[in-house]
Amino acid sequence: MKTRIATATVLAAFTVTVILWLPGAVFIGYLVAVSALAAWEWCRLIPGGLSPVVRGGYSIGVAVLLLGSALYEPSWVPLTLGASVVWIGLGVSVLFQIYRQSRVQIRSGLLLGLILLVPGPVALIAIQQSLDQGRLLVLMSCVVVWGTDTFAYAVGKRFGRRKLAPSISPGKTLEGTLGGIVGAIGTGIIFFFVLMENNKVGVIGFGLWCLIAVSVAVMAVIGDLVESAVKRSAHQKDSGTLVPGHGGVLDRIDSLLCAAPIFGSWVFLCENSATVAL
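Presented here is a report on the structure given in the accompanying data block. Only a predicted model underlies this, so the values are computations on that prediction, with no experimental measurement involved.

Rules of the game
Residues numbered from 1 in each chain as written. Predicted model: local features only at pLDDT ≥ 70, side-chain atom pairs only at ≥ 80, totals over all residues. Heavy atoms only, no water. Salt bridge = Lys/Arg side-chain N within 4 Å of Asp/Glu carboxyl O. Helix = DSSP H or I, 4+ residues; strand = E, 2+ residues; numbered from the N terminus. Buried < 20%, exposed > 50% of the residue type's maximum accessible area, 1.4 Å probe, protein only. Phe/Tyr/Trp six-rings, centres within 6.5 Å; stacked < 30°, edge-to-face > 60°. Lys NZ or Arg CZ within 6 Å of the ring centre and 35° of its normal. Expected span 1.5 Å × (residues − 1). Contact = heavy atoms within 4.5 Å. Pairing = 2+ DSSP bridges. Axes fitted to C-alpha atoms, helices over the stretch in contact; angles between N-to-C directions. Left-handed = near helix turned anticlockwise from the far one by under 90°. Nonpolar A, V, L, I, M, F, W, Y, C, P; charged D, E, K, R; others polar. Core = buried A, V, L, I, M, F, W, Y, C linked by side-chain atoms within 4.5 Å.

### A look at the pattern of salt bridges
According to the stated counting rule, one finds 5 salt bridges in the structure shown. Arg162 is the salt-bridge partner of Glu175, the closest N and O atoms lying 3.0 Å from each other. Of this pair, Glu175 sits in helix α8 (residues 174-195) while Arg162 sits in the loop between α7 (134-159) and β1 (163-165), and the two are 13 residues apart along the sequence. Among the residues examined, Arg162 registers a relative accessible area of 53% and is labelled exposed. In this structure, Lys231 engages Glu227 in a salt bridge whose closest nitrogen and oxygen atoms are separated by 3.7 Å. Separated by 4 residues within a single helix, Lys231 and Glu227 lie in helix α9 (residues 206-233), roughly one turn from each other.

Here's what the structure looks like:
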């Protein structure tokens, strides 16, 4: 537990520093490096396994594709919206299988990895680099995702009784999941009031932010469930061992990979329709 908390604290502090205060190129490099490591771990989950050479080539390919997409502005909206549709589809599939109490399975593959690993970071880079108060918007999305994980763990440990998806994630409970979503929304609202200027953060008004926070928190849970289903289908408990107390890099960012395209879709839609404030 101490290792888990220490690792999370260090990673969160470093990530916040990169988002808010370091040059944009550092933020891009940070996400490219993290995504490349996640791609290496994703290859570990592919049935039959891949050679180190193929895994290395795939990781480099993900990094190049991410960087190219981030620098090519016309790709931002199609990638973000397309990935949102894929993530929602995977989430519906997982939730349906959980509801039916059937064996939950999602088989990993190279193409699916590209779809899941690249668009989220591209959306965050696009928002941070191009929008007014983009750095704050990225921070707020991360805070909601982190809040979902933190509150889910705390509430589940104290009040958790009913298993949410025992076949893919025995530790998750319904109480913890609901607590994570509610806690994340509350945290997001607090951050909105702290960071807002003229009742908005960037192009986002308070009413719309509440709706965004709900969708981001829910998608964070779905991202975690989808990755758990992929790991169980590959008969793996963790995606790797690079992050002490947390497993692999992919285990640490799965929720953000899912939530970021949804968040980006909201932000781009708001930006394209000028000022939106509910």
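### Overview of the packing of aromatic side chains
Tallied over the entire structure, the rule returns 6 aromatic pairs. When the centroid spacing of 5.7 Å and the interplanar angle of 55° are considered together, the rings of Phe192 and Phe206 count as tilted. Of this pair, Phe192 sits in helix α8 while Phe206 sits in helix α9, and the two are 14 residues apart along the sequence. With a centroid separation of 4.9 Å and an interplanar angle of 35°, the aromatic rings of Phe193 and Phe206 are classed as tilted. One end of the pair, Phe193, is in helix α8; the other, Phe206, is in helix α9, and 13 residues separate them in sequence. The class of Phe206 is partly exposed, set by a relative accessible area of 32%. In this arrangement the basic side chain of Arg55 is found over the ring face of Trp40, its NZ or CZ atom lying 4.2 Å from the centre.

### Considering helix α4 (residues 76-99)
Spanning 24 residues, α4 covers 34 Å between terminal C-alpha atoms, matching the ideal 34 Å at 1.5 Å per step. Restricting attention to buried positions, one finds in α4 the residues Trp76, Thr80, Ala83, Ser84, Trp87, Leu90, Gly91, Val94, Gln97 and Ile98. Contact partners of the buried residues in α4: α3 (52-71), α5 (110-117), α6 (119-130), β1, α9 and α10 (249-272). Gln101, located one to two residues past α4, shows a positive phi value of around 55°.

### Structural notes on the pairing of strand β2 (residues 169-173)
Direction of pairing for β1 relative to β2: antiparallel, over a ladder of 2 bridges. Within β2, the position partnered with Ala165 by the bridge is Ser169. The antiparallel pairing of β1 with β2 creates a hairpin that spans 3 residues between the two strands.

### Notes on the packing of α3 against α5
Axis angle and axis distance: for two packed helices, these are the angle between their axes and the distance between the axes, and together they describe the pair. Remark: α3 packs on α5, axes separated minimally by 11 Å, with the N-to-C direction vectors making an angle of 35°. Here α3 and α5 pass one another in a crossing that is right-handed. Contacts between α3 and α5 involve Tyr58, Val62 and Leu65 on the former and, on the latter, Leu110, Gly113 and Leu114. Class assignment for the residues of the contact of α3 with α5 results in 5 nonpolar, 1 polar and no charged.

### Thoughts on the nonpolar core
Among soluble globular proteins, nonpolar side chains are generally buried collectively. The biggest cluster of nonpolar side chains holds 87 residues, and the ones touching the most others in it are Trp42, Val94 and Trp209. Broken down by element, this core gets its largest block of residues, 14 residues, from α9. If we skip the residues at most four places from it in the chain, Val94 touches Val104, Ile106, Ile168, Leu225, Val226 and Ala229.

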